[in-house]
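Breakdown of the fold
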Amino acid sequence: MLLRNFTDPFAGHGGIYHFSMPHLEKTLLFENDRDYTVGVNYLAIVTLSNPVSLLCYCLMSNHFHLLLAGRLEDCVKFYFTYIDRMSRYLSKTRGLKGVLHKNNVDVQEVTSEKQFRNEVLYILRNPYKARISSPFSYPWSSVDAYFPFPPVNADWERSREMSLRRFRERFMTRNKSDAMDISEGRISNRCFVDYSYVEEHIGDSLDFFDTMRLYDLESVVESQHGIEETVTYSDSELKEKMTMVCRKEFYTDSPVLLSRKDILSLARILARRYGARKKQIARLTGLSQEVLDTLL
């Protein structure tokens, strides 16, 4: 349910909420590893200054999911603060303004153990659903915080060894934590994700891995959220397909160089040959939803 229409079933006493940012239609929120790293670090920094537990998250190229525990007003403040930070980052680095809207967010309360498990695993399965990678190898979610995997990179930098000035400059915050491990510029998930709560309610590691494979989790959770969506190709995969089509059909490497007629032809090809959705085509080609509704 959209935040503006959401009624808190926990009446201000605190609960668990799944915040889902709607898919961006015409641009990408995270384009590269730098964007994703900043996105992860901002989650860590926002967690420092809010009385909220971040239980689970997943950052995708054009949206993200957060599972938060606390009073609704504190969880909303957490989400708004994160949106503010990401908005400033996008404006400064890519000149994007007005991309993120605070109240345009789906919020779902979690009221049972079964639903909690489903929400956690649904969030972590997003890369699998988008056909990007296995949930266990996707680097931009909280998956490696639970039942900890062997560390891939042991070359950690400790925040307590950093000066206050250096910490503030790197992470753009006035708050400093001395309990953070940092590798390749990214703050470790186990420093800010409440993994112990998730482990306690998921079960053991074997149960976690086995349940992650359930094929019907998406339909169960999406029906609760009122979502109906099937992803055929991820944005990055479809961009590769689009480049191949441009080279083969239009003798250019980029859709930016195509005429209006050719860009419409490209949209038809993406839809018919690769099953691309209208929103995805709009996001990658810059065509409006209205044009695609008429065209397709």
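Structure's up top.
A brief report on the enclosed structure follows. Quick caveat: nothing in here was measured; it's all calculated off a predicted structure.

Definitions and limits used
Residue positions are given per chain, counted from 1 along the sequence in the order it is written. Where local features are concerned, this predicted model is filtered to residues with pLDDT of at least 70; where side-chain atom pairs are given and counted, the filter is 80 or more; whole-chain, interface and lining totals use all residues. Side-chain measures were taken over the full set of non-hydrogen atoms in the model, leaving aside hydrogen atoms and water. Think of it this way: any DSSP run of H or I at least four residues long counts as a helix, any run of E at least two long counts as a strand, and we number them from the N terminus. Helix span is expected to be 1.5 Å times the residue number reduced by one. Relative accessibility thresholds used throughout: buried, under 20% of the residue-type maximum; exposed, over 50%; partly exposed, between the two (1.4 Å probe, protein chains only). In this analysis, strands are considered paired if DSSP registers two or more bridges between them. When a carboxyl oxygen of Asp or Glu is within 4 Å of a side-chain nitrogen of Lys or Arg, the pair counts as a salt bridge. For every element, the axis is a line fit to its C-alpha atoms; helices are fit only across the contacting stretch, and the angle between N-to-C directions ranges from 0 to 180 degrees. For any helix crossing, the convention is left-handed if the near helix is rotated counterclockwise from the far helix by under a right angle, and right-handed if that rotation is clockwise. Any two residues whose heavy atoms approach within 4.5 Å are treated as being in contact. Residue type decides the class: Asp, Glu, Lys and Arg count as charged, Ala, Val, Leu, Ile, Met, Phe, Trp, Tyr, Cys and Pro as nonpolar, and the leftover types, Gly among them, as polar. Charge convention: Lys and Arg are scored as positive, Asp and Glu as negative, and His as well as the terminal groups of each chain are ignored. Note on angle classes: values under 35 degrees are labelled roughly parallel, values over 145 roughly antiparallel, values of 65 to 115 roughly perpendicular, and the remainder oblique.

1. Some details on helix H2 (residues 72-94)
Taking 1.5 Å of rise per residue, the 23 residues of H2 would be expected to cover 33 Å, and the 32 Å separating its terminal C-alpha atoms lies within 8% of that figure. Positive backbone phi, at 70°, marks Gly95, one or two positions downstream of H2.

2. A look at the pairing of strand S2 (residues 53-59)
Remember that side chains alternate between the two faces of the sheet whenever the strand is regular. For S2, the buried fraction is high: six of the seven residues fall into the buried class. Here six bridges tie S2 to strand S3 (residues 64-70), and the two strands are oriented antiparallel to one another. Across the sheet, Cys58 pairs through a bridge with His65, a residue of S3. Here S2 folds back onto S3, and the loop between the two strands holds four residues.

3. Here we look at the pattern of salt bridges
Under the definition given, this model contains eight salt bridges. Across the pair Arg94 and Asp35 runs a salt bridge whose closest N-O atoms are separated by 3.4 Å. On the criterion of sequence distance, the pair formed by Arg94 in helix H2 and Asp35 in helix H1 (residues 33-48) is long-range, its members being 59 residues apart. A relative accessible area of 22% places Arg94 in the partly exposed class. In this structure, Arg71 and Asp74 form a salt bridge, with 3.2 Å as the shortest nitrogen-oxygen distance. For Arg71, a relative accessible area of 39% corresponds to the partly exposed category.

4. Details of the pairing of strand S1 (residues 15-20)
The element S1 is largely enclosed, with a buried count of six among its six residues. Residues of S1 alternate between two faces, with Gly15, Tyr17 and Phe19 on one and Ile16, His18 and Ser20 on the opposite face, all of them buried. Two elements, S1 and strand S4 (residues 106-110), share five bridges in a ladder whose sense is antiparallel. Opposite Ser20, over in S4, you have Asp106 as the bridge partner.

5. Points about the packing of helix H9 (residues 235-250) against helix H11 (residues 278-285)
Direction vectors running N to C along H9 and H11 enclose 65°, while the axes themselves pass 11 Å from each other. By crossing handedness, the relation of H9 to H11 is classed as right-handed. Within the contact between the two elements, H9 uses Asp235, Leu238, Lys239 and Met242 and H11 uses Gln280, Arg283, Leu284 and Thr285. When the residues that make up the contact of H9 with H11 are grouped by side-chain class, the tally is three nonpolar, two polar and three charged.

6. Some points on the side chain of Asp8
Mapping Asp8 onto the fold places it in the segment before S1. Here Asp8 occupies a buried position and makes no salt bridge, while the nearest side chain of opposite charge, Arg71, is found at 8.7 Å. Dropping the residues within four chain positions of it, Asp8 is found in contact with Tyr17 and Leu72.

7. Considering the packing of helix H3 (residues 113-124) against helix H6 (residues 195-202)
At a minimum axis distance of 10 Å, the contact between H3 and H6 shows a crossing angle of 120°. For the element pair H3 / H6, the angle class is oblique. Between H3 and H6 lies a crossing of left-handed hand. Residues Glu113, Phe116, Arg117 and Val120 of H3 lie in contact with H6, whose contacting residues are Tyr197, Val198, His201 and Ile202. Each residue belonging to the contact of H3 with H6 can be placed in one class, and the counts come to five nonpolar, one polar and two charged.

In short, geometric facts, not functional conclusions.
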